Amino acid sequence: MLNIAVLVSGGGTNLQALLTAQQSGTLHSGRVALVISSKAGAYALTRAAQAGVPTATLTREAGEPPQWYGERLVRLLRAHGIALVVLAGFLPILAGNVIAAYPERIINVHPSLIPSFCGAGYYGLKVHRAALEKGVKVTGATVHLVDEVPDNGRILMQQAVAVLAGDTPETLQQRVMEQAEWVLLPQATEEMARRLCLLWEGDSVPLPTAP
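Presented here is an overview of the structure given in this document. (Residues numbered from 1 in each chain as written. Predicted model: local features only at pLDDT ≥ 70, side-chain atom pairs only at ≥ 80, totals over all residues. Heavy atoms only, no water.)

**Side note on the environment of T57**
Here comes step 1: Looking at the element boundaries, T57 is found in strand β3 (residues 55-57).
Here comes step 2: Considered as a pair, T57 and L2 are 55 residues apart in the sequence and their alpha carbons are 22 Å apart.
Here comes step 3: Excluding anything up to four places from it in sequence, T57 contacts S37, K39, A40 and L45. (Helix = DSSP H or I, 4+ residues; strand = E, 2+ residues; numbered from the N terminus. Contact = heavy atoms within 4.5 Å.)

**Here we look at the sheet that holds strand β6 (residues 138-145)**
Here comes step 1: Reading across the sheet, the seven strands line up as β3-β2-β1-β4-β5-β6-β7 and stay open at both edges, with mixed pairing between neighbours. Unpaired on one side and paired on the other, β3 and β7 (155-162) mark the two borders of the sheet. If you compare each strand with its neighbour and ignore which way they point, the axes differ by 20 degrees on average.
Here comes step 2: Taken together, the four bridges between strand β5 (residues 106-110) and β6 define a ladder with antiparallel strand orientation. Residue pairing in the sheet places I107 in a bridge with L145 of β6.
Here comes step 3: Across the sheet, helix α1 (residues 13-24) touches β1 (2-8), β2 (30-37), β4 (82-87) and β5, and the angle it forms with β2 is around 160 degrees.
Here comes step 4: Across the sheet, helix α3 (residues 66-79) is in contact with β1, β2, β3 and β4; its angle to β2 comes to roughly 145 degrees. (Pairing = 2+ DSSP bridges. Axes fitted to C-alpha atoms, helices over the stretch in contact; angles between N-to-C directions.)

**So, unusual backbone geometry**
Here comes step 1: With an omega of 20 degrees, the peptide bond between I114 and P115 qualifies as cis.
Here comes step 2: Structurally, the position occupied by P115 is in the loop between β5 and α5 (125-134).
Here comes step 3: Positive phi values are uncommon outside glycine, yet E104 reaches one of about 55 degrees.
Here comes step 4: As for its position among the elements, E104 is in the loop between α4 (96-101) and β5.
Here comes step 5: Even without a glycine there, the phi angle at D151 is positive, about 60 degrees.
Here comes step 6: Topologically, D151 is positioned in the loop between β6 and β7.

Shape is all these values report; function is a separate question.
What follows is the structure in structure tokens.
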């Protein structure tokens, strides 16, 4: 079973979906072995602690270059033997050295149907507000691989969600989470973990494990 790190910045509802999937056995090819928050006091850390998952807070210092923050992040991931990284509401944009350390082994969930309402500056309620202002009738969520361009990596899974009359950014956000994000992210994480396990087994190369 390979080690998964979940990177968060806020309440951790997508983290909870992964922990619940792990408890139910839906996520079984890997385990959440570390939760890293970019913000001290994020409630996601409480969720992780309640589930017995090790946690760490890694804030970016004022004026710190993204590459330096990336170096600290990679060292932390490697110290815990992490093989797969899941971004679940993680706000910092990853530097190239992180992408290079985990090529095609970082996935992200975004609350729209990429390529709509995505890219730099589109996160949280801003995504749903933009969808409502545009007047779209269908939105959703996307799980994709992460590269150096925000929300640009190869799409793995998508799920459409209807926009209803009278929706606010808050009500739409909740529906997208319930009907798409919390469904797709555990599925995509399990699929990625399973593929990585098969890949390493086929190459007779041991999976990274915690020291």
